Each structure stands twice: as structure tokens, then as C-alpha cells.
Amino acid sequence: MKDKNFIDLASVRASLEKDGRKRFWQTIEQVAETEEFQQLAHQEFTTFRPSPKTESGMSRRNMLKLMAASASLAGLAACTKMPIEKIAPYVRPPEEFVPGKPLFYATSMPRPEGGAIGLLVKSNMGRPTKVEGNPDHPASLGGTDAFAQASVLDLWDPDRARTVMREGTIVNYSDFLDLLSQLRSQYLAKKGAGFRILTETVTSPTLGSQLKAFLAQFPQAKWHQYTPVNRHAEREGVRTVYGQYLSHYYRFDQAEVVVSLDADFLCSGRGGVRYARDFADKRRITDTHSPMNRLYVVESMATITGAAADHRVPVRPSHVEGVARAIAAAVGVRGVEPGAQSSPEVSTEWVRSVVADLQQRRGASIVLAGEHQPPAVHALAHAINAALGNAGKTVVYIDPIEAQPVNEMESIRELAADMNAGTVETLLIIGGNPVYNAPADLDFKKALDKVKLRLRLGIYNDETSYHCHWFVPQTHYLESWSDERAFDGTACIVQPLIAPLYENHSAHEVLGALLGDPGRTPHQWVRDYWSGQKLATPVEYETFWETCLEKGVIPGTAFPAKTVTPKPDFAAALGTGAASAGPMEIAFRPDPSVWDGTYTNNSWLQELPKPITTLTWDNAAYISPRSAEKLGVQRDEVIEIAYQGRKLRMPVMVLPGHADDCITVNFGYGRTRAGRVGNGTGFNVYSIWTSDKPGFGPIPAPAKTGDRYHLVTTQRHHIITQGGRKVEEESQAAFNRDLVRVADLEEFRSNPDFAADPPEQTTQAPNLYPRYDYSQGYQWGMSIDLTSCVGCNSCVVACYAENNIAVVGKEEVDHGRIMQWIRVDTYWRGGLDNPETYHMVMPCMHCENAPCEYVCPVGATMHSPEGLNLMIYNRCVGTRYCSNNCPYKVRRFNFYLYSDWHTPSLYGVRNPDVSVRSRGVMEKCTYCVQRIKEAEIKAEVEGRTIKDGEVVTACQQACPTQAIVFGNINDPNSKVANLKAQSRKYVLLAELNIRPRTSYLARVRNPNPEIKE
């Protein structure tokens, strides 16, 4: 007997294709009209389901796991009485401290895979609480991604290691320094033979110089580098074409046509934030004369880059090389045969149209390959760019930004072989977590156990630390001095904002002790290194150094572009490019929320709905609808994947737009020693991942196990309904408008008002709402450009940090009780197998005729003269009438005391300008009213009006593409007023006459008219 929610995917496909019209839809269950979905749509809110709970409302199991593991998690008390707290005056505050006035410091956040993003970090009385992008940093330009926004929570994580350990016993750091002194004397006599150092990818100039100095003193020692999401394929591809290791970056601001070969370049990787900004700038539409770039994407897994594409084709990972070869042959790359075949999924006509577009824009196009594609695909992409004249224009080659570029997979393989051979006597592991994330075929843990002395410097007492004799807690980047290089080689200072919270030490200190200089501080190491680079005269160096600290960037350090010429015979090294043999393939990818496992214990990121899939607190085996039909599996069914002699069980998630005959799995889960948030979440993909096929490989058809595992997504939580029925189904008849509005570029040019609502829906109708005079004073509003938005979720995490938002855990998310004040909804349009993907950012709309206000019996939600819809928490009695009456579903209710009032370290992460809510109150977006009031007070003191751009909301400031703009709509010269005057402007549900202050700019696509879809 089939489950009541069984979905016949063939029927869903037929339903979407029956009338030939591209419909918008949000979930497969919505189209299939499953019993569960109909119940959710009818009831609108999930039924209150108290399961076995503690008094606080959190199940005992989850409470023990989550308690004290992140900011704002379930507490112990059932009531809302706050704990007694004592305060003391700040008797001798530092000179620059003014109570209530935050300070901002420039610093940089290192990445596990190397490179850094520049930040401005807000410090409240010595507490780092919020990060923003540094507008002076080339990798940021003022924007950030979700990882940077969430990094401040890692600083205050109570699960961080706090003490130096020797075989499980707490010891002093001085004992460790004594050990290093002994090791130095011992290995100097042996010239370092038997000593190994393992780091992640090093792009710090100072740390690199220390490591090279160590190798100079100990010439027979070895330094290995390894990060699971590394760039070895990219480096080898460049070397294949140009005969040397080079770094490179892309000028998307100069590219009119972009072809992505399985590369998720938007907000991902070293230059992702900058790339997203430059790419969005080339798509920014102001009028019908605005030019627009064009993006072609060939990929296996649906990504935010694919969602932004004008043309997207899902293909198996092994078939990407065929597409690259076909393009290379067509543009005249020497050595690639003209008869090279494309993949079965990509037609010859499609390739011909893409090549013609590239040829017309020689020197103004980019072809790039994904980091998980093999070196051959990267080599082909570089050769194509060279043939098109893009090298040196839109593709810039520079010296490697790594201190010592190596093939990291070969490096970790060599280390494992040496450990197994018994030639490694002492191993120092700095950062990383190789016991957890090294390829399974290396059996790193077993090899590590053969090393006589194992030393470890790490932030957490994790899987690797557990297997080492000595463990030293490592500093967070906000606690210690260092430096890093950005994607273009620009050097930047990592400046601490706070002294180490615990007995933490940096890599500079540990290596300094090995070099015989244990007394030098990290600050001295960094400062001394740059004073030796002769970037300024000794007399001017102090001023130079202060300027570097203030700006966060060291001027004059960007690497100059190199002129390169492809080797004439490079194509001979590419091989035949035969596709993987096997009925299916498996593709390995970093997780968009927790990356390679580095951020697994960060609850903001764990609960963050992943882009496209909206999955939280888990990873899954993503497959296409056709593959699900072929295998006979539904969502949540557990399958067994066999790969390279190893097996892994994972639940299935059916994903529209995924390539057929392929399974995509994400790293970062299945941790055992991540911390109380990360332990036991998801499935360990590293257990089947191998070093010989790190990107993808063939697998037999997975086997059904008969088991089920409940995956929790937010995609079905906030389906916008009207009278219990789906708006999308009624839009053509009743409203005649879709929630997402989109047009092709030519359609927009011929009809600029395509997104406008009918006049009868925009005219102020008679109503019973209180009348406000909105023509005077400040009137705040927001505009969101759907063409620029890439759905990266940076705004969601920024809202967490700015507004002290609570994390509720997987079980409560499943009940529909996620507390995020802003969300990014995913909409699909078209068929089931390769639909267009759209993002819709949903904050509170701050309606002028707010339907939430007149149903509140206690006046907890009310209107301000400036057009803000406000919440007065101490009035709220929890009727939830306002939420029931909100058509946008943007209000959140504290069912339990989600905020943690008991963990001391978590007080540090909270924004003192925003209250921490207790249970039983309604929460929602406030347009960051605390920032508005701060600007108003400052302007009033100075006797002036607020300038445009002076008030920046947290979501706006975090957005890497500047898709969100906020300001005074009464100022005709303000940016937001100009955006609201554009022809693409529209509001959601205008027919309800609630007049929202948040408006949207309809999305514009730029498809190639020669490609018929």
C-alpha cells in the first residue's frame, strides 16, 4: 500500500506540461496536491504538537545536544523569569571607549582553502558582535557571504577548546614550549629528518615565511598542505596549458558572455563575493537602453549560479568535459579535434549558438570550470579563453597567492604513505581536520596512529585532536594577529579585536618556538615581516603601518598581471576524455551551509535553509525526478550508495533541475567531535570519498534499504495563501499576476511596464485603516532587485547576528517554528526536469494598511509616523492573530524560551542595541529600527537631516550584489525612491490594498534568441 503522500512524478511532469504554459511552483508536493500539502495549505500553520518535552518545551535529547552550544537556543526554564545579574561600573575605560558607541576595526577572515575576505568588525565595549564587508578590500567591496556573517558566533562558541592537553590531561602551555625546545634541539642534529608539518592551504605571507624558514633550518623535514575543498585540479589545469603554477582571477565586470562549466562561482570560493558583485553590476537594469550580460551554465547539481543563468543545461559531471572539448574545437583551440563530441544532454545546435556568442564578444567573455572538475576541463577552459583573446583582459593571470603551491591531494597522499612506512617520527598538524576529512582510501587515522609523536593546533578538540598526544587550542581570527592574501594577491592584515578568550595560541607562536624564538608575539611576527618588505621608508613606516590597520589592506601588494602564452603541445596531455562508465555517477560537493565541515558546529549555518533546496540540519543524496522514478524511490527514503568498495546510506531528496543518472552528496556532516550542535547531524560523505576520483566517479545503481529518514526543509512552511488556496493557482484568474515577475530582455524593451499591476489594484481604495500623513518627514521603504539577487542567504545570517534571533533546532523547524526574520523563497517555473529557478527575498513588508495591526487585541503591533510596522514585545500576549492575518507569512512566534540565558560566553555575541526576546511574543523584521534611530539621533544632534545611504539595514549591508536598497522614499533624490520609480517596480499582493513599503524590481533574463527551449 502506497503512502498517502506518495508522489507520482510522471503525473507531476504531465501536470506542469499539460497546457504549454510555464507555471510558477514552489514544491513538488504542491503540484502533486498531496494530502499533507493540502492540509498545510488549508490550516496555514502546523498543528501544535507537544512531544515528550522538558519544561522548556525542548525534547530532552535535543536540549542536551543543543544547550549552551550556540547563541539563542532553548533554555531550561519553562517560565520567562530572567536570571539575576550583577553589574559593575567600568572604572577605567580605555580612552576610545564611549559607552553605547561601538567601534569598527578592519580585519580579514581567512578561508580554509586559502585567500581572505576583508571585513569591518563591530565591537561593543570590547566585544566583537557583527561583521560587515570592507569596501576597501578587493574581495569584499563592502559585501559578505554567509560564512563571514556567521564567523562571529564561532568566536563565542562555548564548545571551543580552552586548555592545552597532553594525552587527555590538562597541562600548561609552558610545558608545550619545553617540548618544542627539546624537539628543536633533537631535530637540528638530524636536519629535520622524520619531522613533518601539515597545514591547510597557506596564503599568509608571514606564516609562509616562517614555514620556509623552518625548512631552511631543517632541510630534511617536510611541509604538507591539505584542504578537502582544494584547488589542485585548477592549478594542474593551468600548469598543463602554461607550464607553470599560476593563480588567476576573473573580471566579470568586463565580461558580456560567461560560460560556466559546472562552476558555482557566485558567492563561492576565494573571489565569490567580488564575482557576485561584478556579475550583478553587468546585469543591473535602469532603463530599456541598459546592456546586459548573458550567462550559460552546464552543471549537474542545481546551484545559485545555475539559477542566475539565462540558459542552463543539467548534465552528468563526466559529460562536462565533452562540452568543453566541443567548445574548444569550435573556437579553434590547437590540438583539439573539430569532431570532438559534446555530451548527450547538450545538442550540437546549443553548442554552436554558445560558440557564436563567444566569438562575437572576443576579449569580453569568460569560460570557467568548476573546482571539482578534473584538470583537463580546467585546461580546456584556459585554452578557450586564450583562443578568444580573454587572457589578460577578463581572465587575469598572476603569481600564485599560495605561499607554496602544491598538488594538495598528492601532498596528503605522500604524507599518509610516509606515516605508514614509519618514516614520520613527529607530526605537527596546524588547523584542518584530516582524521575526519582526508580521503577514505588513505585511512589517515590508522596511518596517524603509527607516528610516535603527534602534535596538534586546532580551534576544537575534534576528531584529529582526539588522536594526537598533544593538543593546543588555536586562536580564532578575531583573537590574533596574522595576514592573508586576497584572490588577486592583495595582502591584508588580520587584526584581532579581542584578547584570546581562553588559553589559545596562534600558528605564528608555535612555529616561532620551533624556530627558536618563542618570545616573539604574532603582532611582532607580522609587523617585522612587512617592515622587511620595504614598502615604505623606515621613517614613514609607522604611518604606513597605521594606514594598513585602518584600511585593512596593504597598499601596493596586489600581484601584477602576467603575460602568458599557451604551450603549443598542451592538448597532448589531455587524453581522450572518455566518460565514466557506470549506470550512474556520484558527485562530491562542499555543503553550501557548513562547507567542508569547518562550520558544522555553527547553529546559525546549520539552521540556515540551503539555497535552492531549503534543507536544514542535514545533508542528503540529491537526485533528479527521472532518476527517482527509475530507482523507484521517494523523498526521505534511505538508499545505499556503493563507491570504490565502500558503502554509505543516505536519505533521498528529489531536486528539480538535477542531472539525470547522477547523485550529488555534500561534505561537512556526520561529525562525531564537532561540538554539541554539529555532532550527529547528517551523514559522513568522506567515508566513501577517495583521492583518485575526488570530484565524481561511476557507481552502480543505489539499492533501496526500506528505511526512512526525515529531512526537514522550509520550502513548504510559508506558501503564500489566500483564503486557504494557493495564490499561484488563482493568479491567472483572480489576480492575473504571479508573485515572481519576469521577462526576457527584448520583452522588457518592448514593454517596460510588464510588471505593473492593473490601475484598479494600485489606486488607494476606501478602507477602515487609520489615516497617516505619509507626505511629511522620513518615510522608510525598501526595494529588492530580483535580477541582482542570487539567493546566497548572506542577508539571512546577517539578520541573525544583528537582531539576536533565536535558533530552534531541527524538530522545531519541522513544526514550522523557525525564527528567521527574513527568508529567501525558491520558485520554479516550467517543467519538472529543468525548470527556471527564481529567488524571492521576504522580509516584513511594513504595509501602510497593515492587516496585522487591527486584529491585535492589545496594540502590540502598531504603526509609526515614519511608516514602520512596529512590535512592542511587552504588550504581546501571544494570540497570534497578527500572524494569521499576515498574507506574506513573515511573523515568527516564540513558542518556547528559545534564547539561552545561561551560557556566559554567549552574552558576548549579542547586539546590545536589540532586546533578546523571551517566550510568548511575536517577532518580525523591523527594518533595523535601531539603526534608524541611531542615525536620527546623530542627525538631530548635528542639526541636519539624515543623508541618503546613512541608514543601512543589516540585510542591505551584507548583500554582495547590492540587490537590497533601503532609504527615505520621501527624498526624491534617494536611491530607493529612484528604484521605486522604475517601470519594473511592483509589490506583492497589490490587490489586497495593504500598500507594502517593500517593493520589488521584476527580474529580467537575457536568453539567446537562437536557442529554442
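Predicted model only: the values in this text are computed from it and were never measured.

Draft legend 1. Region of interest: the packing of helix H11 (residues 320–331) against helix H12 (residues 348–360). Two elements in contact, H11 and H12, have axes whose closest approach is 10 Å; the angle formed by their N-to-C orientations is 50°. The pairing of H11 with H12 is recorded here as oblique in orientation. As H11 runs across H12, the sense of the crossing is right-handed. Mapping the contact onto sequence places Ala326, Ile327, Ala330 and Val331 in H11 and Val351, Val354, Val355, Leu358 and Gln359 in H12. Residues that form the contact of H11 with H12 fall into these classes: eight nonpolar, one polar and no charged.

Draft legend 2. Just helix H13 (residues 375–387), in detail. Compared with an ideal rise of 1.5 Å per residue, which puts 13 residues at 18 Å, H13 spans 18 Å between its outermost C-alpha atoms and is within 8% of the ideal. Most of H13 sits inside the fold, with ten of its 13 residues counted as buried. Residues of H13 that are buried: Ala376, Val377, His378, Ala379, Leu380, Ala381, His382, Ala383, Ile384 and Asn385. Of the surrounding secondary structure, the elements contacted by the buried residues of H13 are helix H8 (232–242), strand E9 (247–250), strand E10 (257–261), H11, strand E13 (365–369) and strand E14 (395–398).

Draft legend 3. A look at the environment of isoleucine 430. As for its position among the elements, isoleucine 430 is in strand E15 (residues 426–430). Judged by relative accessible area, isoleucine 430 falls into the buried class, the value being 6%. Between the alpha carbons of isoleucine 430 and isoleucine 459 there is a distance of 9.7 Å; along the sequence they are 29 residues apart. What isoleucine 430 contacts, discounting residues up to four positions off in sequence, is Ile197, Leu198, Thr199, Glu200, Leu457, Gln474, Ala507 and Leu511.

Draft legend 4. Expanded view of the sheet that holds strand E3 (residues 116–124). Read from one edge to the other, the open sheet built from three strands follows the order E2-E3-E4, with strand pairing classed as antiparallel. A strand with exactly one partner marks an edge of an open sheet, and here the two such strands are strand E2 (103–110) and strand E4 (127–133). Across the sheet, the axes of successive neighbouring strands diverge by a mean angle of 35°, strand direction being ignored.

Draft legend 5. Main features of the confidence of the model for the protein. For the protein, mean pLDDT is 87; residues scoring 70 or higher make up 89% of the total. Taken element by element, the protein is modelled with least confidence in helix H23 (residues 727–735), mean pLDDT 42, and with most confidence in E15, mean pLDDT 97. Segment residues 48–58: pLDDT under 50, and 28 contacts once partners within four positions in sequence are set aside and those in other chains are kept. Low pLDDT (under 50) marks residues 63–80, which in the prediction has 75 contacts with non-local residues, meaning those over four places away or in another chain.

Draft legend 6. View of the sheet that holds strand E12 (residues 311–314). Ordered in space as E12-E11-E10-E13, the four strands form an open sheet in which the pairing is parallel. If you trace the sheet from one side to the other, it starts and ends with E12 and E13, each paired once. Each neighbouring strand pair of the sheet contributes to a mean axis angle of 5°, computed without reference to strand direction. Along the sheet, H12 contacts E10, strand E11 (294–299), E12 and E13; its crossing angle with E11, the most-contacted strand, is approximately 140°. Running over the sheet, H13 touches E10 and E13 and is turned about 170° from E13.

Draft legend 7. Layout of the pairing of strand E39 (residues 964–968). Judged by how many residues are buried, E39 sits mostly within the fold: five of five residues are covered. Two elements, strand E32 (residues 780–785) and E39, share five bridges in a ladder whose sense is antiparallel. Residue pairing in the sheet places glycine 781 in a bridge with glycine 967 of E39.

Draft legend 8. View of the pairing of E4. Burial analysis of E4 places six of its seven residues in the buried class, the great majority of the element. Bridge analysis of E3 against E4 gives six bridges, and the strand direction is antiparallel. In the strand pairing of E4, asparagine 124 is matched with arginine 127.

Draft legend 9. Inspection of the nonpolar core at higher detail. Counting 169 residues, the largest nonpolar core has Trp604, Tyr888 and Leu988 as the members making the most contacts within it. If one sorts the elements of this core by residue count, helix H5 (residues 146–155) sits on top with seven residues. Leaving out residues up to four positions away in the same chain, tyrosine 888 has contacts with Ile720, Arg823, Met842, Met845, Cys847, Leu988, Leu989, Ile994 and Pro996.

Draft legend 10. Local environment of the packing of aromatic side chains. Inspection of the entire model under this criterion finds 37 aromatic pairs. Between phenylalanine 667 and tyrosine 686 the ring centres are 4.5 Å apart and the planes differ by 5°, which places this aromatic pair in the stacked class. Residue phenylalanine 667 is found in the loop between strand E25 (662–666) and strand E26 (696–699), and its partner tyrosine 686 is found in the loop between E25 and E26; the two are separated by 19 residues along the sequence. Accessibility classification places phenylalanine 667 together with tyrosine 686 in one group, the buried group. Look at tryptophan 780 and phenylalanine 966: their rings are 5.6 Å apart centre to centre, the planes differ by 10°, and that puts the pair in the stacked class. Of this pair, tryptophan 780 sits in strand E32 while phenylalanine 966 sits in strand E39, placing them 186 residues apart in sequence. The same class applies to tryptophan 780 and to phenylalanine 966, which are both buried. An aromatic cluster of at least three residues, connected via ring pairs, comprises Tyr249, Tyr250, Phe252, Phe265, Tyr275, Phe279 and Phe487. The positively charged end of arginine 671 is found above the aromatic ring belonging to tyrosine 436, 4.9 Å away from the centroid. For arginine 817, the ring lying beneath its charged end belongs to phenylalanine 895, and the centroid distance is 4.3 Å.

Rules behind the numbers
Residues numbered from 1 in each chain as written. Predicted model: local features only at pLDDT ≥ 70, side-chain atom pairs only at ≥ 80, totals over all residues. Heavy atoms only, no water. Axes fitted to C-alpha atoms, helices over the stretch in contact; angles between N-to-C directions. Helix = DSSP H or I, 4+ residues; strand = E, 2+ residues; numbered from the N terminus. Parallel < 35°, antiparallel > 145°, perpendicular 65-115°, else oblique. Left-handed = near helix turned anticlockwise from the far one by under 90°. Contact = heavy atoms within 4.5 Å. Nonpolar A, V, L, I, M, F, W, Y, C, P; charged D, E, K, R; others polar. Expected span 1.5 Å × (residues − 1). Buried < 20%, exposed > 50% of the residue type's maximum accessible area, 1.4 Å probe, protein only. Pairing = 2+ DSSP bridges. pLDDT = per-residue confidence, 0-100. Core = buried A, V, L, I, M, F, W, Y, C linked by side-chain atoms within 4.5 Å. Phe/Tyr/Trp six-rings, centres within 6.5 Å; stacked < 30°, edge-to-face > 60°. Lys NZ or Arg CZ within 6 Å of the ring centre and 35° of its normal.

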